[in-house]
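Summary of the model geometry
Spelled out from the first residue to the last, the chains are:
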Amino acid sequence: MRLTGSVVLVTGASSGIGAALVRRLTRAGSHVLAAGRDPDRLDRLATETGAIPLRADLALPGAARKLAERAMDRHGRVDVLVNNAGVGWAGPFGSMPTERAEEMLAVNLRAPVELTRALLPGMCHHGGHLVFVGSIAGRLGVAEEAVYAASKAGLDAFARSLHLESACPRVGVTVVVPGVVQTAFFARRGRPYHRDRPRPIPADRVAEAVTDAIARNRAEVYLPAWLRVPVAVQGLLPAVYRRLASRFG
């Protein structure tokens, strides 16, 4: 898909992957609608890039539908939707506050479904692309991140199912499966990332991969690419994978 001149809606644009993606897309000549919770960061990003800031808290009921309406009001169409917004929480499942579970399911899964439902009909008419930023946690499962992993697994299944439907042949679908990324995500989830390996990758590397995937209509992107290996092992040798996961985490 041609990025120059395309109207792109990016959620979770206040920081991290979303902000890096807004910078890349505006440099590529896209008309970017940057949606996020933090109005100050959005305004600074808009001043830097020329993107249109759209304040939205996707944890709230109906917020995704309203965001889609505001995006359509701006340009009359959305060519690319990047479902990037995500929240997490780390700790034993039994000690997780109920409201955090509800927030994760709302932001990570419900909002992308609602945004896609609202914007896909227009894309079917004029062409477009859907991007879903998932997580390796959604492919493998992660101890003490059960609800986060479940929300990302649901997002993953939704995206891959849309791809299989082929109801709109002019609409591409990309699932991005990142591992550990250098963002504020881990601090916000309540537990910083302490492991030496795998090493976090820069947010801009993910943004570069997303823009390339849109342009080349790639169905799936792992970051880093070697993450395909544990997914393959889990699929082919589940008992072996469980033993390795219990040992190395």
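All of these numbers come straight from a predicted model, not from anything done at the bench.

About the criteria used
Residues numbered from 1 in each chain as written. Predicted model: local features only at pLDDT ≥ 70, side-chain atom pairs only at ≥ 80, totals over all residues. Heavy atoms only, no water. Axes fitted to C-alpha atoms, helices over the stretch in contact; angles between N-to-C directions. Helix = DSSP H or I, 4+ residues; strand = E, 2+ residues; numbered from the N terminus. Parallel < 35°, antiparallel > 145°, perpendicular 65-115°, else oblique. Left-handed = near helix turned anticlockwise from the far one by under 90°. Contact = heavy atoms within 4.5 Å. Nonpolar A, V, L, I, M, F, W, Y, C, P; charged D, E, K, R; others polar. Pairing = 2+ DSSP bridges. Disulfide = S-S within 2.5 Å. Buried < 20%, exposed > 50% of the residue type's maximum accessible area, 1.4 Å probe, protein only. Phe/Tyr/Trp six-rings, centres within 6.5 Å; stacked < 30°, edge-to-face > 60°. Core = buried A, V, L, I, M, F, W, Y, C linked by side-chain atoms within 4.5 Å.

**A word on the packing of helix H3 (residues 63-75) against helix H4 (residues 98-126)**
For the pair H3 and H4, interaxial distance at closest approach is 8 Å and the crossing angle is 40 degrees. As summarised for this structure, H3 and H4 are arranged oblique, according to the angle between their axes. Between H3 and H4 lies a crossing whose hand is right-handed. The residues of H4 that touch H3, namely those facing Ala-64, Arg-65, Leu-67, Ala-68 and Met-72, are Ala-111, Glu-114, Leu-115, Ala-118 and Leu-119. Across the contact of H3 with H4, the residue classes tally to eight nonpolar, no polar and two charged.

**Brief notes about the sheet that holds strand E4 (residues 80-83)**
Pairing is parallel in the open sheet, where seven strands are placed in the order E3-E2-E1-E4-E5-E6-E9. Among the strands making up the open sheet, the edge pair consists of strand E3 (52-55) and strand E9 (220-223). Adjacent strand axes in the sheet meet at a mean angle of 15 degrees, parallel and antiparallel pairs treated alike. Bridge count for strand E2 (residues 31-36) against E3 is four bridges, and the pairing is parallel. The partner of Ala-35 across the bridge, within E3, is Leu-54. Lying on the sheet, helix H8 (residues 203-216) is in contact with E4, strand E5 (128-133), strand E6 (171-178) and E9; it crosses E9 at an angle near 165 degrees.

**A look at the state of the cysteines**
One way to say it: the disulfide is the covalent bond shared by the sulfur atoms of two cysteines. All told, the structure shown has one disulfide when counted by the stated rule. Note on cysteine connectivity: Cys-124 is disulfide-linked to Cys-168, with sulfurs 1.7 Å apart. Handedness here is read from the sign of the S-S torsion; for Cys-124 and Cys-168, about 70 degrees, the answer is right-handed. Within this pair, whereas Cys-124 is found in helix H4, its partner Cys-168 is found in the loop between helix H6 (146-165) and E6, the two being separated by 44 residues in sequence. Exposure remark for Cys-124: the relative accessible area of 28% places this residue in the partly exposed category.

**So, the packing of aromatic side chains**
Within the structure shown, the criterion is met by one aromatic pair. Between the aromatic rings of Phe-132 and Phe-158, the centroid separation amounts to 5.8 Å while the plane-to-plane angle is 90 degrees, which identifies the pairing as edge-to-face. Taken together, the residues span a long stretch of sequence, with Phe-132 in strand E5 and Phe-158 in helix H6 at a distance of 26 residues. Its relative accessible area of 1% is what places Phe-132 among the buried residues. The partly exposed category is assigned to Phe-158, whose relative accessible area is 21%.

**Some words on the environment of Ala-34**
Mapped onto the fold, Ala-34 is located in strand E2. For the pair Ala-34 and Ala-56, spaced 22 residues apart in sequence, the C-alpha separation works out to 9.7 Å.

**Regarding the nonpolar core**
Residues Leu-9, Leu-67, Met-123 and Leu-130 are the most contacted members of the largest nonpolar core, which totals 45 residues. Within the residue set of this core, elements represented by two or more residues are strand E1 (7-10), E2, H3, H4, E5, helix H5 (136-140), H6 and E6. Counting residues per element, this core draws most heavily on H4, at eight residues. Ignoring sequence-local partners within four residues, the contact set of Leu-67 consists of Leu-9, Thr-11, Ala-35, Leu-54, Ala-56, Leu-58 and Leu-115. Counting residues in hydrophobic clusters, the runner-up holds 31 residues, among them Ala-20, Leu-21, Leu-25 and Leu-42.

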